[in-house]
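Architecture at a glance
Each chain is listed here by its residues.
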Amino acid sequence: MHYEGDIIRPPSEADAIILQITTGCSHNRCTFCGVYRKKKFSIKDLQIIDEDIAFAKAYCKRQSKVFLADGDALITPQPHLVAILTKIKDHLPWVNKVALYANGKSVRKKGVEELKQLKELGLTRIYLGVESGDPEVLQEIDKGETPESLVEAGQMLKDAGIFYSVTILLGITDRLKSKQHCINTAKLMQKMKPNQVAALTYMPLENTPLGQRVKSGDFKLYTAEEILIELRTILFEMKECKTQFYANHASNYLPLAGRLPNKRDTLITLIDSALSGTQSLIPEHLRAL
Ligand code: SF4
């Protein structure tokens, strides 16, 4: 496989064939994100991708999923992406799920008709980084999105019938904005109605603007208790959300998973147990990005 640089994928794609179709991220400005800082964004040649598909055809017969990397692979021009999905269908017929990362801009650029075409060609799942539903926090982290633009992207994915998962971030803003971050993130989830929501806890990377603020002491990392209070506030406010909720990423202090709204009270009770000290937390040294 022709991999360039570090490759990341969501935990749920651990068993997928990773096909790198772009390098880096076309946005690459989020203040907390360091994975693609050194990578120049590019769309890889079809010839290279063909060789990787040929490799998978020969050696990856036991893997039924494909994950298209890197950061926002959905930004790939439609004819190029159509060609890749068609080749996966033709050469890897045992693959029944294809997923990729996207951002709001790449979803809106496609539009519903192109998204439907991708779904027909086998694209089954999109992972969308949202991080916050608060306009000020989105601006502060340089997400390049507003709550309204994210609702528009979510509606397009719904209209195209594509399963989509969003990530939200805990401990990402100054404490004064923590409550509005939580309340507006819950509100945004209620408007976007994603199939699943994954909450991650911010961990600093030195090669990022926010990581540098942590290093200089200008931004103080949240304590485990403050993170749990954010998690509780978001879940409490997601009253009408029908979605699968996860907070079991390695960055989190308290692994949680459950279907909302049915499990909402159970999850909140677990958080309360952790806050009162009767439920143990993941030790700091075992947390990771
Ligand atoms: S968080 Fe996503 S959109 Fe932002 S820089 Fe990282 S990969 Fe790009």
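Residues numbered from 1 in each chain as written. Predicted model: local features only at pLDDT ≥ 70, side-chain atom pairs only at ≥ 80, totals over all residues. Heavy atoms only, no water.

**A word on the sheet that holds strand E1 (residues 17-20)**
What the eight strands build is an open sheet, ordered E1-E4-E5-E6-E7-E8-E9-E10; its pairing is mixed. The sheet is open, and its two edges are formed by E1 and strand E10 (257-260), each paired on a single side. Ignoring which end each strand starts from, the neighbouring axes of this sheet average 25° apart. Pairing geometry for strand E7 (residues 163-170) and strand E8 (residues 196-201), over six bridges, is parallel. Of the residues in E8, the one forming a bridge with Leu169 is Leu200. Packing against the sheet, helix H3 (residues 104-120) makes contact with strand E5 (97-102) and strand E6 (123-131), and its axis sits at approximately 165° to E6. Lying over the sheet, helix H9 (residues 264-275) contacts strand E9 (243-246) and E10, oriented at roughly 140° with respect to E10. (Pairing = 2+ DSSP bridges. Helix = DSSP H or I, 4+ residues; strand = E, 2+ residues; numbered from the N terminus. Axes fitted to C-alpha atoms, helices over the stretch in contact; angles between N-to-C directions. Contact = heavy atoms within 4.5 Å.)

**Some thoughts on the side chain of Asp134**
Relative to the assigned elements, Asp134 resides in the loop between E6 and helix H4 (135-140). Lys177 provides the closest opposite charge to the buried, salt-bridge-free Asp134, at an N-O distance of 6.8 Å. For Asp134, the side chain forms a polar contact with the main-chain nitrogen of Glu136, separated by 3.1 Å. If we ignore the near neighbours within four places in the chain, the residues touching Asp134 are Pro147, Gln180, His181 and Asn184. (Buried < 20%, exposed > 50% of the residue type's maximum accessible area, 1.4 Å probe, protein only. Lys, Arg positive; Asp, Glu negative; His and termini not counted. Salt bridge = Lys/Arg side-chain N within 4 Å of Asp/Glu carboxyl O. Polar contact = N/O pair within 3.5 Å; in protein donor to acceptor, adjacent residues only side chain to side chain.)

**A look at the site of the ligand**
All residues adjacent to the ligand are Cys25, His27, Asn28, Arg29, Cys30, Phe32, Cys33, Tyr36 and Lys143. Across the shell around the ligand, the residue classes break down as five nonpolar, two polar and two charged. (Near = heavy atom within 4 Å. Nonpolar A, V, L, I, M, F, W, Y, C, P; charged D, E, K, R; others polar.)

**Focus: unusual backbone geometry**
In the segment running from Ala69 into Asp70, the intervening peptide bond is cis, with an omega of 10°. Residue placement: Asp70 occurs in the loop between strand E4 (65-69) and helix H2 (78-91). Following Leu260, the chain continues to Pro261 via a peptide bond in cis, the omega torsion being 10°. Along the chain, Pro261 falls in the loop between E10 and H9. Located in the positive-phi region is Asp142, a residue other than glycine, with phi close to 60°. One can find Asp142 in the loop between H4 and helix H5 (147-160). Of note, the phi angle at Lys193 is positive, near 50°, even though the residue is not glycine. In this fold, Lys193 is placed in the loop between helix H6 (178-192) and E8.

**Quick notes on the packing of H5 against H6**
In the contact formed by H5 and H6, the axes pass within 9 Å of each other and the chain directions differ by 30°. In terms of orientation, H5 and H6 fall into the roughly parallel class. When the axes of H5 and H6 are compared, the crossing they make is right-handed. Touching Pro147, Leu150, Val151, Gly154 and Lys158 of H5 are Leu188, Lys191 and Met192, all from H6. A breakdown of the residues in the contact of H5 with H6 according to their chemical character gives five nonpolar, one polar and two charged. (Parallel < 35°, antiparallel > 145°, perpendicular 65-115°, else oblique. Left-handed = near helix turned anticlockwise from the far one by under 90°.)

**Things to note about the pattern of salt bridges**
Close approach of charged atoms lets side chains of opposite charge pair. The tally for this structure, following the rule as stated, stands at 15 salt bridges. We note a salt bridge from Arg29 to Asp142, for which the minimum N-O separation is 3.3 Å. Note that Arg29 is positioned in the loop between strand E2 (22-23) and strand E3 (42-43) and Asp142 in the loop between H4 and H5, a separation of 113 residues in sequence. Residues Glu206 and Lys215 are paired through a salt bridge, measuring 3.8 Å at the closest nitrogen-oxygen approach. Accessibility classification places Glu206 together with Lys215 in one group, the exposed group. A network of salt bridges, in which partner residues are shared, links Asp174, Arg213 and Asp218.

**Re helix H1 (residues 46-59)**
Between its terminal C-alpha atoms H1 stretches 20 Å, which fits the 20 Å expected from 14 residues at 1.5 Å a residue. Residues of H1 that are buried: Ile49, Asp52, Ile53 and Ala56. On an axial view of H1, the arc spanned by its buried residues comes to 100°, and they lie on one face. The exposed set on the far side of H1, more than 90 degrees from its buried face, consists of Gln47 and Tyr59. In this fold, the buried residues of H1 make contact with E1 and H2. (Expected span 1.5 Å × (residues − 1). Arc of directions from axis to C-beta.)

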